[in-house]
Amino acid sequence: MKIKKEYVPKTAFRTRYGHYEFLVLPFGLTNVPVFFMDLMNRVFTSFLDKFVVAFIDDMLVYSKIRNEHVNHLSMVLKTLEEHKLYAKLKKCEFWLEEVQFLGHIVTKDGISVDPAKIEAIVNWPRPTNVSEVRSFLGMTGYYRTFVEGFSKLALPITR
């Protein structure tokens, strides 16, 4: 996202190699990911959870059939162009039958947990203090929708 011309000087920093200014928003600033996520939610509000999932600077466009996907991609690319937002082509992948996205595997048949995440949970070291228990429950709780009776299974460790 380009920074307005009048704000560019406010991004200035100096190193021994020279004076630099950001022309686009750097993700290293505290509120930029939140700002960007809000922008993506506003820009793609009519597409979200229908055929688009956006998380910060990652976007997934999904469809059940190829012809429908052509239309969805066209709508997304047009929307990006209308809002003067750009995707780097080298970071884009098209026409994938299966994709890993935010710890999930997405296919035309649906969404499942990434097997690498299941392995990480199975091999998680036994928690020995409250902080480690919370970390473990946070990791496993992310996938609670895939585990029937998760809250009952987690109850002993929660206690």
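Residues numbered from 1 in each chain as written. Predicted model: local features only at pLDDT ≥ 70, side-chain atom pairs only at ≥ 80, totals over all residues. Heavy atoms only, no water.

1. Notes on the overall build of the protein chain
Within the protein chain, the secondary structure is distributed over 5 helices and 7 strands. Listing the helices and strands of the protein chain from first to last along the sequence gives β-β-α-β-β-α-β-β-β-α-α-α. Scaling as 2.2 N^0.38, a compact globule of 159 residues should have a C-alpha radius of gyration of about 15 Å, whereas the protein chain reaches 21 Å, well beyond that. Expressed as lengths along the three principal axes of its C-alpha atoms, the size of the protein chain is roughly 55 × 50 × 25 Å. Looking at the 159 residues of the protein chain, the share that counts as buried comes to 26%. Per element, the accessible surface of the protein chain, about 12500 Å² overall, is 57% carbon and sulfur. (Helix = DSSP H or I, 4+ residues; strand = E, 2+ residues; numbered from the N terminus. Rg over C-alpha atoms; globule rule 2.2 N^0.38 Å. Buried < 20%, exposed > 50% of the residue type's maximum accessible area, 1.4 Å probe, protein only. Areas by Shrake-Rupley, 256 points an atom, 1.4 Å probe, with all protein chains shown as cover.)

2. Focus on the sheet that holds strand β5 (residues 98-101)
Through backbone hydrogen bonds, the strands of a sheet pair up, either in parallel or in antiparallel fashion. The 3 strands are arranged β5-β6-β7 in an open sheet whose pairing can be described as antiparallel. Strands at the two margins of the open sheet, each flanked by one partner only, are β5 and β7 (110-113). Pairwise comparison of adjacent strand axes, ignoring direction, gives a mean angle of 25° for this sheet. As paired strands, β5 and strand β6 (residues 104-107) are joined by 4 bridges and run antiparallel to one another. In the strand pairing of β6, Val99 is matched with Val106. (Pairing = 2+ DSSP bridges. Axes fitted to C-alpha atoms, helices over the stretch in contact; angles between N-to-C directions.)

3. As for unusual backbone geometry
The backbone of Asp49 shows a phi angle near 65°, a positive value even though the residue is not glycine. Tracing the sequence through the fold places Asp49 in the loop between α1 (32-43) and β3 (52-55). At Trp95, a residue that is not glycine, the phi angle is positive and equals roughly 60°. Residue placement: Trp95 occurs in the loop between α2 (66-82) and β5.

4. Considering the nonpolar core
Core analysis: the largest hydrophobic core is formed by 15 residues, its most contacted members being Met40, Phe44 and Val76. For this core, the secondary-structure elements that each account for two or more residues are α1, β3 and α2. A total of 5 residues in this core trace back to one element, the largest contributor, which is α1. In this structure, Phe44 is in contact with Met59, Val76, Thr79 and Leu80, ignoring residues within four places of it in sequence. (Core = buried A, V, L, I, M, F, W, Y, C linked by side-chain atoms within 4.5 Å. Contact = heavy atoms within 4.5 Å.)

5. Looking at the environment of Leu25
Inspection of the secondary structure puts Leu25 in the loop between β2 (18-20) and α1. Overall, Leu25 belongs to the partly exposed group, its relative accessible area being 26%. Taking the C-alpha atoms as reference points, Leu25 and Phe36, 11 residues apart in sequence, are found 9.2 Å from one another. When sequence neighbours within four positions are dropped, the list of residues in contact with Leu25 reads Met1, Ile3, Val32 and Phe35.

6. A short note on the pairing of strand β4 (residues 58-61)
In this structure, β3 lies alongside β4, joined through 4 bridges in antiparallel fashion. Looking across to β4, one finds that Ala54 is bridged to Met59. Turn length for the β3-β4 hairpin, with the two strands adjacent in sequence and antiparallel, is 2 residues, and the turn residue Ile56 shows positive phi of about 55°.

7. Observations regarding helix α4 (residues 130-141)
Over its 12 residues, α4 runs 16 Å from end to end, which matches the ideal 16 Å to within 8%, given 1.5 Å per residue. Its buried side turned inward, α4 meets α3 (115-122) and α5 (150-158). Among the residues of α4, the N-terminal cap falls to Asn129, whose side-chain oxygen and the backbone nitrogen of Ser131 are separated by 3.1 Å. (Expected span 1.5 Å × (residues − 1). Polar contact = N/O pair within 3.5 Å; in protein donor to acceptor, adjacent residues only side chain to side chain.)

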